Amino acid sequence: MTEEVVATAGEGAMEVKPLSPWADTWRRLKKNKLALIGLVIIVIFLLVGGVQEIANLLGPQNASETATAAQRPWWQRGYLAPYDPNGGDFHAGPAGPINPPSMKHLLGTDYLGRDVLSRALVATRISLLVGIIAVGIALAIGLSLGPISGYYGGAVDSVVMRMADIFFAFPYILFVLLIMTVLGPGFRNVFIAIGILSWAGYARLNRGSVLSVKQVEYIEAARAQGASDLRIIFRHVLPNTMAPIYVAIAMGIGGAILTESALSYLGIGMRPPDASWGSMITDYQTYFFAGQWWMLTFPSVALVVTVFGFISFGNGLRDATDPKLKE
Amino acid sequence: MDELLLDVQDLSTHFMTHAGVVKAVNGVSFTLHRNETVGIVGESGSGKTVAALSLLRLVPDPPGKIVEGKILLKGRDLREVSNEEIRAVRGNDIAMIFQDPMTSLNPVFKVGMQIAEAIMLHQDKSRRDAWRIAAELLAKVGIPDAESRVNQYPFEFSGGMRQRAMIAMAISCNPDILIADEPTTALDVTIQAQIIDVVREMQAQYNSGVILITHDLGVVAEIADKVMVMYGGRTVEYGPIDEIFYNPHHPYTWGLLGSLPRLDLVEKERLTPIKGQPPDLLMLPPGCPFSGRCGYERPDECPLTMPDTEIVGPEHGVRCWIPNDERVSARSALPRFVARSK
Amino acid sequence: MSFLEVRDLKKHFPIRTGILKRTTGHVYAVDGISFSIEEGETLGIVGESGCGKSTAARVILRLLEATAGSVVYDGIDVMKASRVEMQRLRRDMQIIFQDPYASLNPRMRVRNIIGEPLRIHQIGTPAERRQRVIELLETVGLNAEHAERYPHEFSGGQRQRIGVARALALNPRLIICDEPVSALDVSIRAQVINLLEDLQDEFKLTYLFIAHDLSVVKHTSDRVVVMYLGKTVEIASSDVLYDRPQHPYTEALLSAVPIPDPETERNRRRIVLEGDVPSPTKPPAGCVFHPRCQRAQEVCETAMPPLECTGDAGADHMVACYFATRYEGVPQRDAPGKDTGEAPAR
């Protein structure tokens, strides 16, 4: 009885004029230190990766043919780093190509004398691209099929959800290899493969929200006004099912970065000399136990910190949008 | 007069929210005697439920806090007692029935088990005895075939039967006071009639005092002896049932009565609603909370200070700045009261 | 021909269980109801939860497809209307919902919520639509500055006004009000009822007013349909129904409504029905009410009595009961075209 009473006592709490959903989410997110740290990491990651991408887009095409990359102004170099990430220098330091961190090379140099910091920075761009392309593709497929599946139900639903099950059940690496053979080689195709592979999670997540939202009276109201199904799905249903999707996006980008690294580690992703965090880790792992720790450490740290940032922000966002956790 | 069970004096419960202090209950006083039913009437946000929860110190803290007043249960101030003691009071001396019978029973335990638990918690009874008593109680509140029903889960009960089960749980320890918070609001009208009858029978049998919290003046007219009308956390009027219905003095009480469509009146009169919207609880005026919607207000008095209670009849008090004679003449101009003053 | 004619309307929801989704039973939500509405009147539907009144509303608007029966609006069979015809019908028939918190899209501004029907039907230019939205807001007692806000910034009563404005946007002729005031506070309820009455006068609207609250239905409606477990048990003009109910269920329902008048309450005789409303998945054989009915006899278990006029409680008073209450001293009038001889007198 006592527990009973206490459990339901919350019903009596006074209702205060509600904030808009966004303002309310932000107010509660602000209280979560870990999520804020995650947000800061994400912002830094986006800035670094974004500037790299812009530099890359502006770079080679507009550059004069004569100057070497290092001689061009930074925005035309194709990379935003102190050194050419792919340019080796066998006399990088007194000991030959491999040098520990120093003032000249903050994170040291690798076995070809390449600047580790420069390589890790350029790899940020790859991670950003994989995040955007893979999650973008997954969202495009998932948020078209998910709402349609949930809204229409019945046979449509069964077909879409069985397809999703197949995607869930398929061995990951095998699937990427399969798609790679269809799309052809190239690291962007790896991203597309990751995207195609992960739509099912978004579709299933969204379908669940759609099932509950489509019961709500404002959807009936739209139907009573004569709105078409597509209008109802994409104007009335979808915007109201997005909160969990935002969380999934944050988590999904982290996951895609991790997947790309794993694929690169296995040699499916980036091809030398281009760097991604995963390919750097494969490349450098043998040197770690020889005492040349810096090569492996920094890309690993970058990977862990970035993925941690996305996941802790995603977690925080989920807590902040979960009505069950509202105080 | 029967024994005085509960004497609430100047009770105030506030909620500290991120947006400011919500004065949910603000200086509320009332008494409850044995065999008496007090109706607390108000709309959503009036503070009626918080007032009831405060009596058992069930307001979640934080954000809620009882900031002032006395809650005297047979002379003992419940604000002063230990957590241990208040737990003993809950269920034993004061029991509560909630509005939503769908959520107030735990879905994973058998109904009999939940009642038996309550009995074992407060009384020195064996498990066997507690189950037997649970079955008896279910039979007492009118559940047919109670012997087998104790072994069922809440989902096997209809809404009305769950509310009966809640009542059975509430009376399991012979409480002196039964607080019923909107006990019939979630139920259909024919089931509502059954539940009201059960509450009435149980009260007669156990000689308890009942506090009935409701927005429905019809239910109040049916079973209450005394009524307290709340608005924006304040008691605006209280008195015996007939006084409140036939000689109401507060403009809010008139508004409530005038807003109701009546089943029993032959001619269709136009309703006289209360103007405006319910108050924003964060921005209540220091004075009368009804002053924005009243229509008779004096701008330099009403919103600024809350008037003291004026006694206008036997046990009938009102808190309003309008002088008594002006109130009476203003009231007689209202359509609902023209019809009645014949 | 009436403005809206509902004939023997049925809506059964299949219950599917197991992985193969086999249909193992039906919810008989609406099981053969008939009534008609004249232009400009308000027809009330009362009944307890699960009686099928809200389902009926949705079937009439074809938000749900009927299992059987017909709905004829102004000479057009709604159930058979093509897509294009349906689109036209939607402009004429609108609905106001119960829950003002659920019936407005929380992610849309009020301007877009009220303007949405105009956009769907491509009425006017954007500027004209903006103007129309402001007009509508003023019609329902709000003002232009409310247009830019979101639903959560409004109280329940104001939200319900927004819902009314949306329903009015297309100049409908029929509005189905599905429990429009039951989620509102007492004082706000009266405001909305008065608003609906004013709008009816101003725009010559016809209402189908669905509610569980008999006081509200009596106040708002000209005629009332009483439903129980998917069936119509009684239809009468509202004054007559409350004065001379014939069906035992109606009588119990009326007597169960608490009246906000202590004197009346003390002197009232109450009929308290026993038990609960049976599940609509297994409605009782015969008269659906017989398990709870004090007058029930053998005949009640065999077949549902037809809905017909006994003639002694008013010419338009129809009741489905073998043992309907008869009233003496009321002038006997024969209902046109109705055979009244079959109902056995009690």
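Everything quoted here is computed from the prediction, not taken from an experiment.

## With respect to the overall build of chain B
Then step 1. Of the regular secondary structure elements, chain B holds 12 helices and 12 strands.
Then step 2. Computed over C-alpha atoms, the radius of gyration of chain B comes to 21 Å, within 12% of the 20 Å expected from 2.2 N^0.38 for 342 residues, which places it in the range of a compact globule.
Then step 3. Projecting the C-alpha coordinates of chain B onto the three principal axes gives extents of approximately 65 × 50 × 40 Å.
Then step 4. Within chain B, the proportion of its 342 residues that are buried is 58%.
Then step 5. When the accessible surface of chain B is summed, it comes to about 13,300 Å², and 52% of that surface belongs to carbon and sulfur atoms.

## Focus on the packing of aromatic side chains
Residues and elements named next belong to chain B.
Then step 1. According to the stated counting rule, one finds 18 aromatic pairs over all chains in the structure shown.
Then step 2. An angle of 15° between the planes, with centres 6.5 Å apart, marks the rings of tyrosine 153 and phenylalanine 155 as stacked.
Then step 3. For phenylalanine 155, a relative accessible area of 62% translates into the label exposed.

## Things to note about the sheet that holds strand E12 (residues 318-319) of chain C
All names here are of chain C.
Then step 1. Ordered in space as E6-E7-E8-E3-E9-E10-E12-E11, the 8 strands form an open sheet in which the pairing is mixed. At either margin of the open sheet sits one strand with a lone partner, and together these are strand E6 (93-96) and strand E11 (308-309).
Then step 2. Looking at chain direction, strand E3 (residues 42-46) and strand E9 (residues 223-228) are connected through 4 bridges and run parallel. Bridging from a neighbouring strand, glycine 44 pairs with valine 224 of E9.

## Digging into the nonpolar core
Generally speaking, a soluble globular protein has its nonpolar side chains buried in company with each other.
Then step 1. In terms of nonpolar packing, the biggest core is built from 105 residues, with Leu6, Ile179 and Ile211 of chain B touching the most fellow members.
Then step 2. Among the elements that take part in this core, helix H6 (residues 159-171) of chain B stands out by supplying 8 residues, more than any other.
Then step 3. No fewer than three residues from each of domain 1 (4-224) and domain 2 (230-338) of chain B sit in this core.
Then step 4. When sequence neighbours within four positions are dropped, the list of residues in contact with isoleucine 179 of chain B reads Ala52, Leu55, Leu56, Ile94, Ala95, Met96, Ile97, Ile211 and Ile213 of chain B.
Then step 5. Ala193 of chain B together with Leu170, Tyr242 and Ala252 of chain C belong to the second largest nonpolar core, which has 71 residues in total.

## A word on the domain arrangement of chain B
Residue and element names in this part refer to chain B.
Then step 1. What the domain assignment lists for chain B is domain 1 (4-224) and domain 2 (230-338).
Then step 2. Taken together, the 24 residues of domain 1 in the interface contact 17 residues of domain 2.
Then step 3. At the boundary of domain 1 with domain 2, total buried surface from both sides reaches about 1,600 Å², with 61% on carbon and sulfur atoms.
Then step 4. Among the residues of domain 1 in contact with domain 2, Asn26, Glu43 and Leu217 are the three that bury the most area, contributing 32% of the side total.

## So, the side chain of glutamate 251 of chain C
Residues and elements named next belong to chain C.
Then step 1. When you line up the elements, glutamate 251 lands in helix H9 (residues 248-256).
Then step 2. Judged by relative accessible area, glutamate 251 falls into the buried class, the value being 17%.
Then step 3. Residue contacts for glutamate 251: discarding those within four places in its chain leaves Pro245, Gln246, Ile271, Arg295, Thr325 and Tyr327.

## Remarks on the state of the cysteines
All names here are of chain B.
Then step 1. Per the stated rule, a full pass over the model turns up 0 disulfides over all chains.
Then step 2. A disulfide-free cysteine, cysteine 288 has its sulfur positioned 6.2 Å from the sulfur of cysteine 302, the nearest such atom.
Then step 3. Taking the relative accessible area as the measure of exposure, cysteine 288 reaches 9% and is therefore buried.
Then step 4. No disulfide involves cysteine 320; its sulfur sits 6.1 Å from that of cysteine 294, the nearest cysteine.
Then step 5. What makes cysteine 320 buried here is its relative accessible area of 11%.

## Here's the deal with helix H8 (residues 199-213) of chain A
Then step 1. In a regular helix each residue adds 1.5 Å, so 15 residues correspond to 21 Å; H8 of chain A covers 21 Å between its end C-alpha atoms and thus fits that length.
Then step 2. Along H8 of chain A, the residues that are buried comprise Trp199, Ala200, Tyr202, Ala203, Asn206, Ser209, Val210 and Val213 of chain A.

## Regarding the interface of chain B and chain C
Then step 1. Tallying the contact residues gives 43 residues for chain B and 45 residues for chain C.
Then step 2. Counting the contacts that link chain B with chain C gives 6 salt bridges.
Then step 3. Here aspartate 197 of chain B ties to arginine 270 of chain C by a salt bridge, and the two come within 3.5 Å at their closest N and O atoms.
Then step 4. At the junction of chain B with chain C, the criterion picks out 22 residue pairs in polar contact (both at pLDDT 80 or more).
Then step 5. Those elements that place two or more of their residues in the side of chain B that touches chain C are helix H7 (189-206), helix H8 (217-223), helix H9 (241-246) and helix H10 (251-259) of chain B.
Then step 6. In terms of residues, the side of chain B that touches chain C owes the most to one element, H7 of chain B, which gives 7 residues.
Then step 7. Class assignment for the residues of the side of chain B that touches chain C results in 20 nonpolar, 10 polar and 13 charged.

## Details of the packing of helix H3 (residues 110-120) of chain C against helix H4 (residues 126-139) of chain C
Residue and element names in this part refer to chain C.
Then step 1. H4 packs onto H3 with a crossing angle of 115° between their chain directions and a minimal axis gap of 9 Å. The element H3 and its partner H4 pack so that their crossing is right-handed. Side by side, H3 and H4 meet where Val110, Arg111, Ile114, Gly115, Leu118 and Arg119 of the first sit next to Arg129, Arg130, Arg132, Val133, Leu136 and Leu137 of the second.
Then step 2. Of the residues belonging to the contact of H3 with H4, the class tally is 6 nonpolar, 1 polar and 5 charged.

## Quick look at the pairing of E9 of chain C
Looking down a regular strand, the side chains alternate between one sheet face and the other.
Then step 1. The buried fraction of E9 of chain C is high, at 6 of 6 residues.
Then step 2. Linkage of E9 of chain C to strand E10 (residues 231-237) of chain C, two consecutive antiparallel strands, is achieved through a turn of 2 residues, within which leucine 229 of chain C is found at a positive phi near 50°.

## Describing the sheet that holds strand E11 (residues 310-313) of chain B
All names here are of chain B.
Then step 1. A sheet is described by the order of its strands in space; here 8 strands give the open sequence E6-E7-E8-E3-E9-E10-E12-E11, paired in mixed fashion. The open sheet has two edge strands with one neighbour each: strand E6 (94-97) and E11. The sheet shows a mean angle of 20° between the axes of neighbouring strands, taken without regard to direction.
Then step 2. For strand E3 (residues 37-41) and strand E9 (residues 226-231), the ladder comprises 4 bridges, and the chain directions are parallel. Bridge pairing in E9 links valine 38 to lysine 226.
Then step 3. Those strands touched by H10 are E3, E9 and strand E10 (234-240), and its axis lies near 100° from that of E9.

## Structural notes on unusual backbone geometry
Peptide bonds are mostly trans, and most non-glycine residues show a negative phi.
Then step 1. With a phi angle near 60°, asparagine 35 of chain B is a residue other than glycine that sits in the positive phi range.
Then step 2. The residue asparagine 35 of chain B is located in the loop between strand E2 (20-33) and E3 in this model.
Then step 3. Despite not being glycine, aspartate 8 of chain C shows a phi value in the positive range, around 50°.
Then step 4. Here aspartate 8 of chain C is to be found in strand E1 (residues 4-17).

What counts, and where the lines are drawn
Residues numbered from 1 in each chain as written. Chains lettered and ligands numbered in written order. Predicted model: local features only at pLDDT ≥ 70, side-chain atom pairs only at ≥ 80, totals over all residues. Heavy atoms only, no water. Helix = DSSP H or I, 4+ residues; strand = E, 2+ residues; numbered from the N terminus. Rg over C-alpha atoms; globule rule 2.2 N^0.38 Å. Buried < 20%, exposed > 50% of the residue type's maximum accessible area, 1.4 Å probe, protein only. Areas by Shrake-Rupley, 256 points an atom, 1.4 Å probe, with all protein chains shown as cover. Phe/Tyr/Trp six-rings, centres within 6.5 Å; stacked < 30°, edge-to-face > 60°. Pairing = 2+ DSSP bridges. Core = buried A, V, L, I, M, F, W, Y, C linked by side-chain atoms within 4.5 Å. Domains from an automatic or database assignment. Contact = heavy atoms within 4.5 Å. Buried area = accessible area lost by both parts, 1.4 Å probe. Disulfide = S-S within 2.5 Å. Expected span 1.5 Å × (residues − 1). Salt bridge = Lys/Arg side-chain N within 4 Å of Asp/Glu carboxyl O. Polar contact = N/O pair within 3.5 Å; in protein donor to acceptor, adjacent residues only side chain to side chain. Nonpolar A, V, L, I, M, F, W, Y, C, P; charged D, E, K, R; others polar. Axes fitted to C-alpha atoms, helices over the stretch in contact; angles between N-to-C directions. Left-handed = near helix turned anticlockwise from the far one by under 90°.

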